[in-house]
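# Coordinate inspection notes
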Amino acid sequence: MAKMLDFNALQHPTLPITLCDENRTVVHVAPPTVGLLDRLHAAVPDLKGVAQQRDGGAVDALYSLIADLINVNDDGYLFTGDQLKCEYNMSLYGVAVFVRAYLEYIEEINNAKN
């Protein structure tokens, strides 16, 4: 007889990040939904342009996307793009570093053997 597969007991890999706030908040970012991953892949080619154009709406949309990705976490934290920018001092450079690390994290998950 096959063993029961309990999705509630699955341990998924996380990407731990430490935010730039007074408490050095640690967030264990979990794998995204397919929709969020599609949004990220659509935004990646525009990252360089957002920084160069300094288009406020595009920058706000980018921070909102990053917040949505970080909000998929094991710690129960919820952030807004404005919070990441203002309260957690995430610069555009920090956004780029996060995106690079996040894409590597997703690639590792995709390449892992089950």
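Each remark here, short or long, concerns the structure printed above.
What counts as what
- Residues numbered from 1 in each chain as written.
- Predicted model: local features only at pLDDT ≥ 70, side-chain atom pairs only at ≥ 80, totals over all residues.
- Heavy atoms only, no water.
- Helix = DSSP H or I, 4+ residues; strand = E, 2+ residues; numbered from the N terminus.
- Buried < 20%, exposed > 50% of the residue type's maximum accessible area, 1.4 Å probe, protein only.
- Polar contact = N/O pair within 3.5 Å; in protein donor to acceptor, adjacent residues only side chain to side chain.
- Contact = heavy atoms within 4.5 Å.
- Arc of directions from axis to C-beta.
- Pairing = 2+ DSSP bridges.
- 1 Å grid on protein atoms, 1.4 Å probe; cavity = no way out; pocket = protein on both sides within 12 Å on 5 of 7 lines; lining within 4 Å.
- Points joined across faces, edges and corners; volume = space filled by probe spheres on them.
- Nonpolar A, V, L, I, M, F, W, Y, C, P; charged D, E, K, R; others polar.
- Phe/Tyr/Trp six-rings, centres within 6.5 Å; stacked < 30°, edge-to-face > 60°.

### Topic: the overall build of the protein chain
Across its full length, the protein chain carries five helices and two strands. Counting from the amino terminus, the protein chain carries its helices and strands in the arrangement β-β-α-α-α-α-α. Taking the principal axes of its C-alpha atoms as reference, the protein chain extends roughly 60 × 35 × 20 Å. For the protein chain, with 114 residues in total, the buried portion stands at 32%.

### A few points about the side chain of N73
Turning to its location among the elements, N73 is positioned in the loop between α3 (56–70) and α4 (81–86). Within the structure, N73 has its side chain in polar contact with the backbone oxygen of Y77 (distance 2.8 Å). Apart from residues lying up to four places away in sequence, N73 is in contact with V27, H28, V29 and A30.

### Some points on helix α1 (residues 34–43)
Turning to α1, its buried residues number three or more, namely L36, L37, L40 and A43. Along α1, the residues classed as buried sweep out an arc of 125° about the axis, all on the same side. Among the exposed residues of α1, those pointing more than 90 degrees away from its buried face are V34 and A42.

### Description of the pairing of strand β2 (residues 26–29)
Residues V27 and V29 of β2 are buried on one face, while the alternating residues V26 and H28, pointing to the opposite face, are not. Of the pairings in the sheet, the one linking strand β1 (residues 15–18) to β2 comprises four bridges and is antiparallel in character. When the bridges of β2 are listed, I17 appears paired with V27.

### Quick notes on the layout of surface pockets
Quantified by volume, the largest pocket comes out at close to 200 Å³. In this structure, the largest pocket is lined by I17, T18, L19, C20, L84, Y88, N89, M90, S91, G94, V97 and F98. For the lining of the largest pocket, the secondary structure elements donating two or more residues are β1 and α5 (92–111). Among the elements that line the lining of the largest pocket, the one with the most residues is α5, at three residues. Residue composition of the lining of the largest pocket, by class: eight nonpolar, four polar and no charged.

### Topic: the packing of aromatic side chains
Applying the stated criterion across every chain, the model contains four aromatic pairs. Between the aromatic rings of Y77 and F79, the centroid separation amounts to 5.8 Å while the plane-to-plane angle is 35°, which identifies the pairing as tilted. The class for Y77 is partly exposed, based on a relative accessible area of 35%. On the basis of relative accessible area, F79 is assigned to the buried category, the value being 6%. With 5.2 Å between their ring centres and 90° between their planes, F79 and Y88 make a pair best called edge-to-face.

### Section: the side chain of D21
Take D21: it is sitting in the loop between β1 and β2. Of the polar contacts made by the side chain of D21, one reaches the side chain of T25; its length is 2.6 Å. What D21 contacts, discounting residues up to four positions off in sequence, is E87 and Y88.

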